[in-house]
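Here is what each chain is made of, one letter per residue.
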Amino acid sequence: MSHRIHLIIILLCIVAQGTWAADFVPQAPDYRDTTMWVTADGDADGTGADVFYVVSTWEEDWTTTDGRPCHYADVWSAAHRSHMAIEINKVARYMLPGNRFFAPYYRHTTIDAWLTQNEDTLTQRLSVAMDDVRDAFDYFQAHRDQRRPLIIAGFSQGGRAVVELLKHISDTTYQQLAAAYVLGYKVTQADISSCPRIRPAQGESDTGVTICYNTVKDVRYIVPIISASDVCINPVNWRTDATPATLHDTITVTLSPEYHVLVATGYSATEYPAYRGFINVGDIHSCEPWLYSDCLARNIATRTRAFRRR
């Protein structure tokens, strides 16, 4: 290669760097800063659990003021925190009573990563988010009273975080686990095989187990990247077979043992409009923390009591 050609290539690289700005990754959270948390104490008599909740996806891809694309929520942005707080505070309404509640803000990857429906792209983008969740959990675990029962829960991307946390925690921490709730995300046989701490729940009161479910109107609406699970339990009757359960008098929830999802009938779900042709197109993804909230609140209390008796 001549010296002149080499110089041209260098100049083209410089021009390219100026034309296509590198992706922006926001500053990592500092979990010593109370701004990075939503916390509340609803355990007046000291008989409840510590609930660690991981919020779902709230941001789309966005661009910085200097034109750099970003695929992550910015925890230092008051607007981004306020978005996450909508879900966190709503979940706390039913998970907080009788318990202590902790939810970190984290650099969750944007919905655009999920829209690719590509596992490799998603795993790459999720690395930042999962690092934050692990850091937050480690800080939480180091500072809580470890004699108390532990509940880990998360919805959607937060459900993915719960699965990753179960792979991350030590056996000592696992011994403190009353239950883990994966709401609206999958648990695969590969997850179970790689982590003995992922033990699918078999009933209403077993402890140290993982509760997982996804809801659809019909099995043809399963979204593989989210809900193609190998694990499911019905949170209405706490069965793992096809015995139907009635919710709110008019909704029938039946588990499909073949597809490991819940099929809801008698429920329009019109409050959850379809999003960019990806979710809520018959899968009712957005309902997962809300449709069964009363069932989940009672079950957290049931498993906490069972853990304390143990």
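Residues numbered from 1 in each chain as written. Predicted model: local features only at pLDDT ≥ 70, side-chain atom pairs only at ≥ 80, totals over all residues. Heavy atoms only, no water.

Remarks on the overall build of the protein
Helices and strands together make up the secondary structure of the protein, namely ten helices and twelve strands. Taking 310 residues into account, the globule formula puts the C-alpha radius of gyration at 19 Å, and the protein, at 21 Å, falls close to it. With the C-alpha coordinates of the protein rotated into their principal frame, the extents come out at 75 × 45 × 35 Å. Burial analysis of the protein (310 residues in total) assigns 53% to the buried set. (Helix = DSSP H or I, 4+ residues; strand = E, 2+ residues; numbered from the N terminus. Rg over C-alpha atoms; globule rule 2.2 N^0.38 Å. Buried < 20%, exposed > 50% of the residue type's maximum accessible area, 1.4 Å probe, protein only.)

Overview of the pattern of salt bridges
A side chain with one charge may pair with a side chain of the opposite charge, provided their charged atoms come close. The tally for this structure, following the rule as stated, stands at 18 salt bridges. For the salt bridge of Arg134 with Asp131, the shortest nitrogen-to-oxygen distance reads 2.8 Å. Residue Arg134 and its partner Asp131 are both found in helix 4 (residues 119–143); the two are separated by three residues, about one turn of the helix. Arg134 sits in the partly exposed class, given a relative accessible area of 22%. In this structure, the salt-bridge partner of Lys167 is Asp191, at a minimum N-O distance of 2.9 Å. With Lys167 in helix 5 (residues 157–168) and Asp191 in helix 7 (residues 189–194), the pair connects residues that are 24 residues apart, well separated along the chain. Assessed through its relative accessible area of 31%, Lys167 is described here as partly exposed. The buried category is assigned to Asp191, whose relative accessible area is 11%. When salt bridges with common partners are traced through the structure, they connect Asp43, Asp50, Arg144 and Arg148 into a single cluster. (Salt bridge = Lys/Arg side-chain N within 4 Å of Asp/Glu carboxyl O.)

Brief notes about the side chain of Asp74
Positionally, Asp74 belongs in the loop between strand 4 (69–70) and helix 2 (78–95). Put simply, Asp74 is tucked away with no salt bridge, and the nearest opposite charge, on Arg81, sits 7.0 Å away. A distance of 3.0 Å separates a polar atom in the side chain of Asp74 from the backbone nitrogen of Trp76. With near-sequence residues (within four places) excluded, Asp74 lies in contact with Pro26, Trp62 and His80. (Lys, Arg positive; Asp, Glu negative; His and termini not counted. Polar contact = N/O pair within 3.5 Å; in protein donor to acceptor, adjacent residues only side chain to side chain. Contact = heavy atoms within 4.5 Å.)

Some details on the nonpolar core
For soluble globular proteins, nonpolar side chains are generally found buried alongside one another. Within the largest apolar cluster, 90 residues are counted, with the highest numbers of intra-cluster contacts made by Phe52, Met95 and Phe101. Per element, the largest residue contribution to this core is eight residues, and it comes from helix 4. (Core = buried A, V, L, I, M, F, W, Y, C linked by side-chain atoms within 4.5 Å.)

A closer look at the sheet that holds strand 12 (residues 261–265)
Note on sheets: strands pair through backbone hydrogen bonds, and any given pair is parallel or antiparallel. Here we have four strands laid out as an open sheet, ordered 9-12-11-10, and mixed in their pairing. Of all the strands in the sheet, just strand 9 (215–216) and strand 10 (245–247) have a single pairing partner and so form its edges. (Pairing = 2+ DSSP bridges.)

Brief notes about the packing of aromatic side chains
Inspection of every chain in the model, using the stated rule, returns eleven aromatic pairs. Geometrically, the ring pair formed by Phe52 and Phe140 is tilted, given 5.0 Å between the ring centres and 40° between the ring planes. Of this pair, Phe52 sits in strand 2 (residues 50–54) while Phe140 sits in helix 4, and the two are 88 residues apart along the sequence. Comparing Phe52 with Phe140, the two get one shared label, buried. Residues Tyr53 and Phe101 carry aromatic rings whose centres are separated by 6.3 Å and whose planes lie at 25° to one another, so their mutual orientation is stacked. On the criterion of sequence distance, the pair formed by Tyr53 in strand 2 and Phe101 in strand 5 (residues 100–104) is long-range, its members being 48 residues apart. Across this residue pair, the class does not change: Tyr53 and Phe101 are buried. Through a chain of ring-to-ring contacts, three or more aromatic side chains come together here, namely Tyr31, Trp37, Phe52, Phe102, Phe137, Tyr139 and Phe140. (Phe/Tyr/Trp six-rings, centres within 6.5 Å; stacked < 30°, edge-to-face > 60°.)

Details of the pairing of strand 11 (residues 251–256)
Where strand 10 and strand 11 come together, three bridges link them in antiparallel fashion. Bridge pairing in strand 11 places Ala245 opposite Val253. The antiparallel pairing of strand 10 with strand 11 creates a hairpin that spans three residues between the two strands, and His248 there sits at a positive phi of about 55°. Pairing analysis gives five bridges linking strand 11 to strand 12, with the strands arranged antiparallel.

Thoughts on the sheet that holds strand 6 (residues 150–155)
Reading across from one edge, 1-5-2-6-7-8 is the order of the six strands in this open sheet, with mixed pairing throughout. For this open sheet the edge positions go to strand 1 (37–41) and strand 8 (209–213), each flanked by a neighbour on one side alone. Adjacent strand axes in the sheet meet at a mean angle of 15° when their direction is disregarded. Direction of pairing for strand 2 relative to strand 5: parallel, over a ladder of three bridges. Opposite Val51, over in strand 5, you have Phe101 as the bridge partner. (Axes fitted to C-alpha atoms, helices over the stretch in contact; angles between N-to-C directions.)

Note that all results are geometric; they support no functional claim without further evidence.
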